[in-house]
Amino acid sequence: MKEMIMKRLLLVISFLFLVTNVPAQEESGSKFSADAGAELVSRYIWRGSEWGGNSPAIQPFFSICYNLSDYGILEFGAWGNYMFQGSFTENDFTLKYSLPTEKYGVFSLGLTDYLFPYLNVSINNFEGNGDGAHTLDVTLEYEGPEEFPFSLLFSQLAYNDYLDFKSFYTELGYSFTISGMTNKLFCGVALGPSDWNSVMTDKPELINLGYEITKGILVSEAYMAYASAAFIVNWHLKSSYLVFKLTI
């Protein structure tokens, strides 16, 4: 079984590098921009908790942006997760408005729709209280400028959370560079009760404390891939993970 998983991983990595080693065509002067790629992760860890079981996963994504000039950027994106073992699957869709400023960083407001096809809930089921296919997450983000390299996230499940659950999450990050590699410290706290954040208490819990190092890999003159390793501690669940991620 392990040999089969390794063969699959090598085939996926080889295929993705082959596909993404083709320079993208950009339309000069267009207000539209697009991106697509995939992440290969040793484990799917989201906000300090393991999702999908003890298996590597591939996570494809794409995004389309429209530049509103002085009024910001509007972005639509899709992201998925598919495990190498097990039936767990996830498809997310995000609509985000970002306002970059020259001195104060980037402010963003987003809405994400979480879907889990493996649950066999019809995609046209819009019921609430955890019964429907669509769970909506409202996020407010801040990304500081180079002189103030802090990030801040506020997240609140606004629709289809389980009855009487809160599912609020906030995360503070700090980025810096060592030996040409991006380093990031992050600390995430959840307010429950929340099945999504694996918190059953009604007080703030430290669930996502970690340190990540990201290294750029020059694939060609026109393309850069990224490899990262992160050590993550869920203080509330008393668990920890060392996760590898390859973004191409």
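Summary of the structure given here. (Residues numbered from 1 in each chain as written. Predicted model: local features only at pLDDT ≥ 70, side-chain atom pairs only at ≥ 80, totals over all residues. Heavy atoms only, no water.)

### Quick word on the pattern of salt bridges
With the rule as written, the count across this model stands at five salt bridges. For K245, the salt bridge goes to E39, with nearest N and O atoms at 3.9 Å. Here the residue K245 occupies a position in strand 14 (residues 239-247), and E39 occupies one in strand 1 (residues 32-41), the gap between them amounting to 206 residues. Of the residues examined, K245 reaches a relative accessible area of 24% and is grouped as partly exposed. Residue class for E39 comes out buried when judged on its relative accessible area of 16%. Taking the shortest distance from any N to any O, the salt bridge between E50 and R43 comes out at 3.6 Å. Through salt bridges with shared partners, a single ionic network connects E39, E212 and K245. (Salt bridge = Lys/Arg side-chain N within 4 Å of Asp/Glu carboxyl O. Helix = DSSP H or I, 4+ residues; strand = E, 2+ residues; numbered from the N terminus. Buried < 20%, exposed > 50% of the residue type's maximum accessible area, 1.4 Å probe, protein only.)

### Overview of the pairing of strand 5 (residues 73-83)
Across a regular strand the side chains alternate sides, sitting on one face of the sheet and then on the other. Relative to strand 5, strand 4 (residues 57-67) runs antiparallel, the two sharing nine bridges. Residue pairing in the sheet places F62 in a bridge with A78 of strand 5. In sequence, strand 4 turns back onto strand 5 through a hairpin of five residues, with S69 there showing a positive phi of about 60°. Both strand 5 and strand 6 (residues 89-101) contribute to a ladder of ten bridges, which runs antiparallel. Bridge pairing in strand 6 links Y82 to T89. (Pairing = 2+ DSSP bridges.)

### Details of unusual backbone geometry
Between G192 and the following residue, P193, the backbone shows a cis peptide bond with an omega angle of 5°. By secondary structure assignment, the location of P193 is in the loop between strand 11 (181-191) and strand 12 (204-220). You will see that R47, though not glycine, has its phi angle at about 55°, which is positive. Assignment of secondary structure puts R47 in the loop between strand 2 (45-46) and strand 3 (49-50).

### Thoughts on the packing of aromatic side chains
One pass over the full model with this rule turns up 23 aromatic pairs. Considering the side-chain rings of W46 and W196, the 6.3 Å spacing of their centres and the 70° angle between planes classify their relative orientation as edge-to-face. On the criterion of sequence distance, the pair formed by W46 in strand 2 and W196 in the loop between strand 11 and strand 12 is long-range, its members being 150 residues apart. Residue W46 shares its accessibility class with W196, and that shared class is buried. Cluster of aromatic residues (ring-pair linked, three or more members): Y44, W46, W51, W79, F88, Y114, F116, Y118 and W196. (Phe/Tyr/Trp six-rings, centres within 6.5 Å; stacked < 30°, edge-to-face > 60°.)

### A word on the sheet that holds strand 6
One closed barrel accounts for twelve strands, arranged 1-4-5-6-7-8-9-10-11-12-13-14; its pairing is antiparallel. Within the sheet, the average angular offset between the axes of one strand and its neighbour, ignoring direction, is 20°. (Axes fitted to C-alpha atoms, helices over the stretch in contact; angles between N-to-C directions.)

### Observations regarding the pairing of strand 6
Where strand 5 folds back onto strand 6 in an antiparallel hairpin, the turn is made up of five residues, including G86, whose phi is positive at roughly 90°. Of the pairings in the sheet, the one linking strand 6 to strand 7 (residues 105-115) comprises eleven bridges and is antiparallel in character. Pairing of L95 across the sheet is with L111, part of strand 7.

### Brief notes about the nonpolar core
Core analysis: the biggest nonpolar cluster contains eleven residues, these being V41, Y44, W46, W51, A57, M83, F88, Y114, F116, L157 and W196. Here V41 is in contact with P56, A57, Q59, F244 and K245, once residues within four sequence places are set aside. The next biggest cluster of nonpolar side chains, apart from the first, holds eight residues, and it includes A38, L40, A227 and L246. (Core = buried A, V, L, I, M, F, W, Y, C linked by side-chain atoms within 4.5 Å. Contact = heavy atoms within 4.5 Å.)

Just geometry here; none of it tells us what the structure is for.
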